[in-house]
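# Examination of the molecular architecture
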Amino acid sequence: MSRMNSAGRRLAVSAISLAIAAGFGIGSAFAQAAIVDNGTVAIGVNPEGNLITGGVGLTFLDLPAGGQDALEPGCACEAWGVADFTTRDDAAPFFGNAGEATGDRNLFDATLTVSGTGTDPRSTGDSAISTVNVGAAGSDRRLSVTHDYHPSVDSRLYQVDVSITNNGTTDIGELRYRRAMDWDIPPTEFSEFVTIQGLPATNIVATSDNGFANGNPLEPTGNRGAPENENFEDNGPADHGATFDFNFGNLAVGDTREFVIFYGAAANEAEALDALRAVGAEVYSLGQSSGDGGPTDGTPATFIFAFQGVGGTAIGGQRASFTPLFVDIPMLVSESHFRNVGLRLSGKIGGGETSTLSTVASMMDGAPAEMGAAAGDTMADNVFGVEGLRAFLTGSYNGSKFSSQPGLIGSDTDGFSITGGADYELMKGEGAVDSLIVGLGLGWSGFSSDIHDAGSNVDGTGITLLAYGAATVAKNLNIDLTAGYSWIGYDSTRVVGLGSAIADVDARDFSAQLGIGYDIALASDVPHTALIVTPFLEVGYSNAEVDGYQETGTSPLTVDGFSTDSLTTEVGLRGAFTIPSPVFSDTMILRVSGGWVHEFLDDGYTIQQQLGATTLTARTGDPDRDYARVTGGLAFPVAPDFAMGIDYDGIYGNSDFSSQMISLRSRVAF
């Protein structure tokens with residue numbers, strides 16, 4: 001097909017798309033295509049999510065100019081499409097597809113958002129997100145398809161995070177996705193050797209070397225001579241490519257299916273396979289020239305087209321998994337209870353209570369005399385008349401997001417924790433020791449994790465025993481020590497194609513944390529206020545262990561036990577400020593803090609898994625070792641002997657995970 005004919009067809013299809021959108025009563029806007037690169041690979045992305053624009057399809061920037069691209073020569077044959085396969089015999093089957101050569105059908109409202117900075121003069125960034133809707137006038141089926149192109153953890157590969165959401169009013173009975181591309185490998189364009197590997201994979205229903213296939217999954221893939229639906233190596237030379245059809249099963253209204261595509265290039269076949277191992281790719285095609293070294297070594301370049309999260313086994317027996325979550329959650333549980341206990345302790349974020357404090361000051365920061373308001377108040381001084389005995393109960397919510405990375409499928413985790421306990425003041429005003437408190441606590445946690453795959457999930461509960469102590473020395477120096485041991489039980493459901501594998505998993509965590517802070521009272525010109533700033537240092541250690549377990553159901557795994565350790569330091573500054581309360585002649589206390597956290601351990605580790613007679617491994621990457629923690633809170637009176645507090649704790653700047661914790665607590669005099 002000539003470039004002119006392709007462009008003419010595209011204009012016609014755009015007009016049809018506008019008409020379809022008008023039928024939905026939805027406006028359409030034209031979006032510009034873009035070229036992005038990561039310094040090694042450049043790709044040309046269209047608003048609909050297919051490739052090839054501006055003379056760039058898949059470009060290997062390390063090759064000499066004029067002979068770098070493996071898709072753009074000849075026809076612009078790179079396409080994708082989605083369909084409900086259960087409608088294939090209907091008068092109006094549901095499908096949508098995009099392709100420069102084959103045209104766009106049943107697509108509307110395509111947008112492309114470009115960000116970052118590229119290195120190639122043709123580039124306008126290093127990342128591009130395409131979002132487009134699929135539907136037809138009068139149909140109650142509709143999909144939103146997003147292709148998020150961005151640099152992967154390996155510079156030889158571009159990663160495409162694909163998400164397909166059912167935003168219609170009826171289920172998609174059998175979601176099919178197709179991706180097709182015609183290899184034109186330099187310097188022998190139109191005469192290349194092609195490899196397809198990774199079969200079988202749960203979600204793959206068809207493969208072919210017909211790179212000219214239409215993106216519509218309801219149409220046959222066709223064939224250019226290589227075996228269909230089979231693995232093959234170095235087939236050719238011929239003018240051919242690779243087409244993959246996926247069956248993702250039922251997609252209910254509101255649900256989303258996610259998987260990953262990779263496009264890339266390397267100097268030879270060995271490097272290409274190394275890149276695929278690094279990202280845990282499962283199914284792939286390689287394109288190599290028919291020149292010297294092409295089919296044997298993959299020189300001067302091997303181009304890459306691959307998938308992850310489609311029910312296959314990662315290259316080299318490695319596979320991405322959410323199993324590492326089983327050690328991340330126990331550490332998260334312990335951290336939540338430690339933060340709740342910390343709201344009681346002198347050197348951290350609340351406590352150091354003395355009998356000179358008000359109802360509110362008895363709950364909050366550092367609580368030196370400057371923070372008290374009502375002399376003689378004994379709220380913090382006894383429980384049930386026992387001098388020096390105190391009790392507390394704190395509830396918290398934590399929302400965490402774990403990013404997908406090598407060896408780990410990302411997840412969203414919601415957790416609730418309730419922490420209660422009692423402490424006793426052993427020493428008070430004895431020499432340099434102003435206060436020495438020791439206590440015991442008990443915590444309960446419940447959590448649920450939604451995995452970023454086809455719908456896997458992990459639910460569980462945990463119990464945590466806590467011991468803690470706090471000392472205030474020389475009026476201003478605060479020292480806290482907390483230790484805890486947690487028992488966690490999980491119910492794990494791993495989606496495998498149209499089935500699932502289920503497991504009960506047990507884990508444990510030991511954690512300890514030491515905090516040191518020094519209160520500095522600053523002068524305030526505002527009447528009835530006090531301002532305290534506290535430089536602080538915290539050191540935390542955790543060891544989490546997961547027992548080996550056996551799944552049941554579809555393609556069950558046997559997983560060996562594993563463990564990991566974490567050692568962190570946090571250096572920062574806290575501030576507490578009293579504000580006169582409009583009720584009960586009391587005070588409100590506002591606090592903020594910021595700290596820099598560094599991780600010394602928690603290195604990547606390997607998890608051994610057995611699938612029948614096949615041994616698989618999941619290898620995690622090293623963590624993001626530096627990030628920020630921001631906290632804040634407000635305590636306020638509700639009644640003469642009743643105060644409440646709300647507190648926030650957030651993690652920022654960590655590429656592996658983010659965490660937001662909200663705590664609600666109350667204090668009642670007995």
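Residues numbered from 1 in each chain as written. Predicted model: local features only at pLDDT ≥ 70, side-chain atom pairs only at ≥ 80, totals over all residues. Heavy atoms only, no water.

Another point: the overall build of the protein. Looking only at helices and strands, the protein features 4 helices and 37 strands. Restricting to contacts in the protein with at least 6 residues of sequence separation, those with at least 24 account for 67%. (Helix = DSSP H or I, 4+ residues; strand = E, 2+ residues; numbered from the N terminus. Contact = heavy atoms within 4.5 Å.)

Here we come to the packing of aromatic side chains. When we look at a pair of aromatic rings, we describe it by the centre distance and by the angle of the planes. Applying the stated criterion across every chain, the model contains 20 aromatic pairs. Seen in terms of ring centroids, Tyr177 and Phe259 are 5.0 Å apart; in terms of plane orientation they differ by 70°. Their pairing is edge-to-face. Note that Tyr177 is positioned in strand β10 (residues 175-182) and Phe259 in strand β15 (residues 256-266), a separation of 82 residues in sequence. Using a relative accessible area of 0% as the deciding quantity, one classes Tyr177 as buried. (Phe/Tyr/Trp six-rings, centres within 6.5 Å; stacked < 30°, edge-to-face > 60°. Buried < 20%, exposed > 50% of the residue type's maximum accessible area, 1.4 Å probe, protein only.)

Ranked by size, the top nonpolar core spans 58 residues in total, and within it Leu143, Ile164, Tyr177, Trp183 and Phe303 carry the most contacts. Judged by nonpolar contacts, the second largest core, of 25 residues, contains Ile409, Ile451, Ile488 and Val559. (Core = buried A, V, L, I, M, F, W, Y, C linked by side-chain atoms within 4.5 Å.)

With that settled, consider the sheet that holds strand β2 (residues 41-45). With antiparallel pairing, 3 strands are arranged side by side in an open sheet as β1-β2-β3. Where the open sheet ends on each side, the last strands, each with one partner, are β1 (34-37) and β3 (58-60). Here the average twist between neighbouring strands, direction ignored, is 20°. Where β2 lies against β3, 3 bridges are found, and the strand directions are antiparallel. (Pairing = 2+ DSSP bridges. Axes fitted to C-alpha atoms, helices over the stretch in contact; angles between N-to-C directions.)

Right, let's get into the sheet that holds strand β4 (residues 78-84). The strand order across the open sheet formed by 5 strands is β5-β4-β10-β14-β12, and the pairing between neighbours is antiparallel. Only two strands of the sheet have a single neighbouring strand rather than two, namely β5 (95-99) and β12 (204-208). Strand after strand, the sheet turns through a mean of 10° between neighbouring axes, direction not considered.

What follows is about the pattern of salt bridges. Counted under the stated rule, the structure contains 21 salt bridges. In this structure, the salt-bridge partner of Arg122 is Asp120, at a minimum N-O distance of 2.8 Å. With relative accessibility at 37%, the residue Arg122 sits in the partly exposed group. Relative accessible area serves as the criterion here: at 14%, Asp120 is assigned to the buried category. Where Asp647 meets Arg591, a salt bridge forms, and the shortest distance between an N and an O atom there is 2.9 Å. With Asp647 in strand β36 (residues 642-652) and Arg591 in strand β32 (residues 587-599), the pair connects residues that are 56 residues apart, well separated along the chain. By relative accessible area, which is 3% here, Asp647 ends up buried. A residue is classified by how much of its surface remains accessible, and Arg591, at 3% relative accessible area, is buried. Connected via shared salt-bridge partners are Glu335, Arg339, Glu538, Glu570, Arg629 and Asp649. (Salt bridge = Lys/Arg side-chain N within 4 Å of Asp/Glu carboxyl O.)

Omega for the peptide link from Gly236 to Pro237 comes to 5°, which places this bond in the cis form. Assignment of secondary structure puts Pro237 in strand β13 (residues 232-238). Note the cis peptide between Thr299 and Pro300, where omega equals 0°. Topologically, Pro300 is positioned in the loop between α3 (294-297) and β17 (302-308). Although it is not a glycine, Asn229 sits at a positive phi angle of roughly 55°. Within the secondary structure, Asn229 is located in the loop between β12 and β13. The phi dihedral of Lys475 is positive, around 70°, even though this residue is not glycine. Relative to the elements of secondary structure, Lys475 occurs in the loop between β23 (457-473) and β24 (477-496).

Turning our eyes to something else, we now look at the environment of Gly173. Tracing the backbone shows Gly173 in the loop between β9 (157-166) and β10. Its relative accessible area of 30% is what places Gly173 among the partly exposed residues. When near neighbours in sequence (up to four residues on either side) are disregarded, Gly173 contacts Asp84, Thr86, Gly249 and Asn250.

What follows is about helix α2 (residues 269-279). Buried within α2 are the following residues: Ala272, Leu273, Ala275, Leu276 and Val279. In an axial view of α2, the angular spread of the buried residues amounts to 155°, which keeps them on one side of the axis. Put simply, Asn268 is the residue that caps the front of α2, since its side-chain oxygen is 3.2 Å from the backbone nitrogen of Ala270. Gly280 sits one or two residues past α2 and shows a positive phi near 70°. (Arc of directions from axis to C-beta. Polar contact = N/O pair within 3.5 Å; in protein donor to acceptor, adjacent residues only side chain to side chain.)

Summarising burial for β17: 7 of the 7 residues are buried, a large majority. Burial along β17 is two-sided: the face carrying Thr302, Ile304, Ala306 and Gln308 and the face carrying Phe303, Phe305 and Phe307 are both buried. Alignment of β15 against β17, held across 7 bridges, turns out to be antiparallel. Bridge pairing links Ile261 to Phe307 in β17. Bridge count for strand β16 (residues 283-289) against β17 is 6 bridges, and the pairing is antiparallel.

Another aspect to go through is the environment of Val260. Take Val260: it is sitting in strand β15. Overall, Val260 belongs to the buried group, its relative accessible area being 10%. Val260 sits 97 residues away from Ser163 along the chain, and the two C-alpha atoms are 8.7 Å apart. Among all residues touching Val260, those that are not within four sequence positions of it are Gln159, Val160, Asp161, Ala306, Phe307 and Gln308.

Let us now look at the side chain of Ser542. Mapping Ser542 onto the fold places it in strand β27 (residues 531-546). Within polar-contact distance, the side chain of Ser542 engages the side chain of Ser511 at 2.6 Å.

Along the chain, Leu61 turns up in the loop between β3 and β4. Residues Leu61 and Thr40, 21 residues apart in the sequence, show an inter-C-alpha distance of 5.3 Å. For Leu61, the residues in contact, after removing those within four places along its chain, are Asp37, Gly39, Thr40, Val41, Ala42, Gln68, Thr119, Asp120 and Arg122.

Another point: the confidence of the model for the protein. Confidence in the prediction for the protein averages 82 pLDDT; 82% of positions are at 70 or higher. Mean pLDDT across the elements of the protein bottoms out in helix α1 (residues 3-24) (35) and peaks in β2 (98). For residues 1-30, every residue scores under 50 in pLDDT, and the model assigns this stretch 44 contacts once sequence neighbours within four places are set aside. Per-residue pLDDT stays below 50 along residues 346-383; that stretch engages in 148 contacts with residues further than four places along the chain or on separate chains. (pLDDT = per-residue confidence, 0-100.)

To continue, consider the side chain of Asp209. The topology assignment puts Asp209 in the loop between β12 and β13. The side chain of Asp209 is buried and forms no salt bridge, while Arg224, the nearest opposite charge, is found at 6.1 Å. Within polar-contact distance, the side chain of Asp209 engages the backbone nitrogen of Arg224 at 2.7 Å. If we skip the residues at most four places from it in the chain, Asp209 touches Asn223, Arg224, Gly225, Ala226, Phe232, Asn235, His240, Gly241 and Ala242. (Lys, Arg positive; Asp, Glu negative; His and termini not counted.)

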